[in-house]
Amino acid sequence: MHRLIPSRRLRRSLMFCLSSLLILCLSVFPTSPTKAKTTLNVAIEPTFPPFELLGKNGELDGFDVDLFKAIAKAADFDLKFQTMQFDGMIPALQAKTVDAAIAAMTITAERQKVVDFSRPYFKSGLAIAIPANNKNITSLASLENKSIAVQIGTTGAAEAAKIPGAKIRTFDAAPLVLQELLNGNVDAALNDAAVTLYAIKQNNLDKIKIIDQLLTEEYYGIPTPKNSPSLDAINKGLTVILSDGTYDRLYQKWFNAKAPQLPETVNFAKSNSSVNSTSSIIFKAMPNLLQGVLVTLYLTAFSVILGMIGGSLIGIARLSRIPLLRWATRAYIDFFRGTPLLVQIFMIYFGLPALMQGFGINFNLGRLAASVIALSLNSAAYIAEIVRAGIQSIETGQAEAAQSLGLGTVETMRYVIFPQALRRMLPPLGNEFITLLKDTSLVAVIGFEELFQQGRLIVANNYRAFEIYAAVALIYLVLTVLSSRIFSWLERWMNPVNKSREADLEIDSK
Ligand code: ARG
């Protein structure tokens, strides 16, 4: 009897093991058709209507979005969208941080070297947009020596680069390109025809028009990383919706026209350019990067000088006995310190001219002026606080002593307080200088070609993000380290203890 007990236990545990094994097997190798769907991470830039846009409730919408959703349904996978700037998409695909992008992206030979494309899904072309009252620009040839706005990394930008003497203004997004044209800052804009036409129609932009003839014939495709396992499914889904009428229906919905015939592939003449080494990539980029350095430096210098003048005045006014003055300077500092510099740049460059034009005043700011104004207004706020703190740090006894010697208020400030305060202000001023030097990179958003923007422009052409941005970072580092050395040297030079020691040494040596 006794022996039965362990064997029953054994049987029970055996049963338990078997059933758990069965459950495990069922969950690992499901026999039912509930196979988990794959989800593709898809990069999208929803500022390219009618292809990508945000709907009334902030949801993603547009021809491309509908199309990709239909493809995913036909080929049974899920989509997860992730917004990203257009010029960041190919680097992101190369790095495999996304599985695909949907961005009205033209299939080009250059891009095909670094990513794979689905079969073509849209026929498109570039068109020139100009002010409605312009009669001189009639073709690509008449754009010679003109200023042209384009979106970074697009075929429009590449085409504009080929025009002799053209001054190219590069922006992050297509709406900014059109805004630039509307504000009268450029002679023309080069963009995908369908996008410009849609913008003109949707927003009743009667101040601009499009030159009818298309400059190029392009086909959009869905890019994926090279040799991506998802490409097959995307192509299958696309083939299904092209033949079952879904594509035609979507085309009709968004373009109010019959869909044109699409080829199955786009072929380019074979070019046998090889992949360049890192050093040759950086070597080739150097002239442009150095040009960017020059721009960064003069932008910093201008802004620091104006910021110093403005900041000192505001800092002193902040200590005034007049309440209104104190209150106004306080409000100024609060505003410029409390709002992002990027927003201030947009307000000054895009907002101000648009506002003035609303009042019927023709006003536009060049990019240099707008950049310098934004950077100096912003740094003046910080410098004002540095100046105020510096002045307040000087003991009141000093002013009393100066005044008892018969110096007036201005003289006391000039000869007694300010020279001492300046020495205390130097370290925070050095910090501010370095911050400003790095913040100049923000004006890249208005297409100003300082160091960072030069880097982006190079990456938009050669798709070598890592090497180029590493080089850009290194150059900023050299600039900031150099400036901090200069400030330390200035601090030592202005230190009276050192000066008297030097004087002592001089006397000793005589
Ligand atoms: N088709 C043009 C190109 O591929 C412009 C695309 C811009 N797309 C965008 N989502 N902003 O270069």
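Up top you'll find the structure we're talking about.
Reading guide: rules and limits
Residues numbered from 1 in each chain as written. Predicted model: local features only at pLDDT ≥ 70, side-chain atom pairs only at ≥ 80, totals over all residues. Heavy atoms only, no water. Helix = DSSP H or I, 4+ residues; strand = E, 2+ residues; numbered from the N terminus. Buried < 20%, exposed > 50% of the residue type's maximum accessible area, 1.4 Å probe, protein only. Areas by Shrake-Rupley, 256 points an atom, 1.4 Å probe, with all protein chains shown as cover. Lys, Arg positive; Asp, Glu negative; His and termini not counted. Charge placed at Lys NZ, Arg CZ, Asp CG, Glu CD. Pairing = 2+ DSSP bridges. Salt bridge = Lys/Arg side-chain N within 4 Å of Asp/Glu carboxyl O. Phe/Tyr/Trp six-rings, centres within 6.5 Å; stacked < 30°, edge-to-face > 60°. Near = heavy atom within 4 Å. Polar contact = N/O pair within 3.5 Å; in protein donor to acceptor, adjacent residues only side chain to side chain. Nonpolar A, V, L, I, M, F, W, Y, C, P; charged D, E, K, R; others polar. Expected span 1.5 Å × (residues − 1). Arc of directions from axis to C-beta. Contact = heavy atoms within 4.5 Å. Axes fitted to C-alpha atoms, helices over the stretch in contact; angles between N-to-C directions. Parallel < 35°, antiparallel > 145°, perpendicular 65-115°, else oblique. Left-handed = near helix turned anticlockwise from the far one by under 90°. Patch = residues over 30% accessible without salt bridge, like charges linked within 9 Å, V, L, I, M, F, W, Y side chains within 5 Å.

### A short note on the overall build of the protein
Per the secondary structure count, the protein includes 18 helices and 14 strands. Each principal axis of the C-alpha distribution contributes one length, and for the protein these read about 105 × 100 × 50 Å. In the protein, which comprises 510 residues, the proportion classed as buried is 45%. Working note: accessible area of the protein is about 27800 Å², and carbon and sulfur atoms make up 61% of it. Across the protein, the centroid of the 49 positively charged side chains sits 8 Å from that of the 41 negatively charged ones.

### Brief notes about the pairing of strand 11 (residues 188-192)
Most of strand 11 sits inside the fold, with five of its five residues counted as buried. For strand 8 (residues 126-131) and strand 11, the ladder comprises four bridges, and the chain directions are antiparallel. Paired with I128 across the bridge in strand 11 is L190. Here two bridges tie strand 9 (residues 147-151) to strand 11, and the two strands are oriented parallel to one another. Each bridged residue has a counterpart across the sheet, and for A149 the counterpart in strand 11 is A189.

### A closer look at the pattern of salt bridges
Counted under the stated rule, the structure contains 15 salt bridges. Across the pair R337 and E385 runs a salt bridge, and its minimum N-O distance is 3.9 Å. In this pair, R337 is assigned in helix 11 (residues 323-338) and E385 in helix 13 (residues 367-392), connecting sequence segments 48 residues apart. By relative accessible area, which is 36% here, R337 ends up partly exposed. Within the structure, one salt-bridge network assembled from shared partners comprises R318, R337, E385 and R388.

### Regarding the packing of aromatic side chains
Across all of its chains, the model carries 25 aromatic pairs by this definition. Ring centres of F51 and Y220 lie 5.2 Å apart, and the angle between their planes is 80°; on these two criteria the pair is classed as edge-to-face. Of this pair, F51 sits in the loop between strand 1 (39-44) and strand 2 (53-54) while Y220 sits in strand 13 (residues 218-220); the two residues are 169 residues apart in sequence, bridging distant segments of the chain. Each member of the pair F51 and Y220 is classed as buried. These aromatic residues form a ring-pair network of at least three members: F48, F51, F63, Y121, F122, Y220, Y247, Y251 and F255.

### Points about the site of the ligand
What surrounds the ligand is a group of 14 residues, the closest being E45, T106, R111, T155 and D192. Within the side chain of E45, an N or O atom sits 2.5 Å from a nitrogen atom of the ligand. In the complex, the protein chains occlude 100% of the 340 Å² of accessible area that the ligand would expose alone. Considered class by class, the residues forming the shell around the ligand number six nonpolar, four polar and four charged.

### Quick notes on helix 8 (residues 231-243)
An ideal rise of 1.5 Å per residue puts 18 Å on 13 residues; helix 8 measures up with 19 Å between its terminal C-alpha atoms. Taken together, the buried positions of helix 8 are occupied by L231, I234, G237, L238 and I241. Taken end-on, helix 8 shows its buried residues confined to a sector of 130°, consistent with a single buried face. Opposite its buried face, helix 8 presents the exposed residues D232, K236 and S243, each directed more than 90 degrees away. Check the buried side of helix 8 and you find it contacts strand 1, helix 2 (63-75), strand 5 (100-102), strand 6 (115-117), strand 14 (223-225) and helix 9 (246-255). One or two residues past the end of helix 8 sits G245, with phi positive at roughly 95°.

### Describing the sheet that holds strand 9
The strands that make up a sheet pair up through hydrogen bonds in the backbone, lying either parallel or antiparallel. Across the sheet, five strands lie side by side as 10-9-11-8-12; this open sheet has mixed pairing. This sheet does not close on itself; its edge strands, each paired only once, are strand 10 (167-171) and strand 12 (208-210). Neighbouring strand axes in the sheet, compared pairwise and without regard to direction, differ in orientation by 30° on average. In this sheet, strand 12 lies alongside strand 8 in antiparallel orientation, the contact comprising three bridges. What sits directly across from P131, in strand 12, is I208. Running at roughly 160° to strand 9, helix 6 (residues 174-182) makes contact with strand 8, strand 9, strand 10, strand 11 and strand 12 of the sheet.

### Re the packing of helix 16 (residues 451-462) against helix 17 (residues 465-494)
Close contact between helix 16 and helix 17 brings their axes to 9 Å; oriented N to C, the two are set at 165°. Looking at the two axes, helix 16 sits roughly antiparallel to helix 17. Along this stretch, helix 16 crosses helix 17, giving a crossing that reads as right-handed. Contacts between helix 16 and helix 17 involve L451, F452, G455, R456, I458, V459 and N462 from the former and A465, I468, Y469, V472, I475 and Y476 from the latter. Grouping the amino acids of the contact of helix 16 with helix 17 by side-chain chemistry returns 10 nonpolar, two polar and one charged.

### Considerations on the sheet that holds strand 5
Taken together, the three strands give an open sheet; going across it, the order is 4-1-5, and neighbouring strands pair in parallel fashion. Single-partner strands in this sheet number two, and they are strand 4 (78-83) and strand 5. Taking the axes of each pair of neighbouring strands and ignoring which way they run, one obtains an average angle of 35° across the sheet. Judged from the three bridges that link them, strand 1 and strand 5 form a sheet pairing that is parallel. In the strand pairing of strand 5, A43 is matched with A101. Helix 2 contacts strand 1, strand 4 and strand 5 of the sheet and is inclined by roughly 150° relative to strand 4.

### Observations concerning a nonpolar patch on the surface
Taken together, the side chains of I305, L306, M308, I309 and L313 present a nonpolar region at the surface, about 460 Å² in accessible area. Within the fold, I305 resides in helix 10 (residues 278-317).

### Let's talk about the packing of helix 10 against helix 15 (residues 409-439)
Between helix 10 and helix 15, the least distance of the axes is 11 Å, while the angle of their chain directions is 140°. Taken together, the axis directions place helix 10 and helix 15 in an arrangement best described as oblique. Helix 10 and helix 15 meet at a crossing whose hand is right-handed. Counting all contacts with helix 10, which are made through T296, T300, S303, V304, M308 and I316, the residues of helix 15 involved are M413, L429, F433, L436 and L437. Its residues assigned to classes, the contact of helix 10 with helix 15 comprises eight nonpolar, three polar and no charged.

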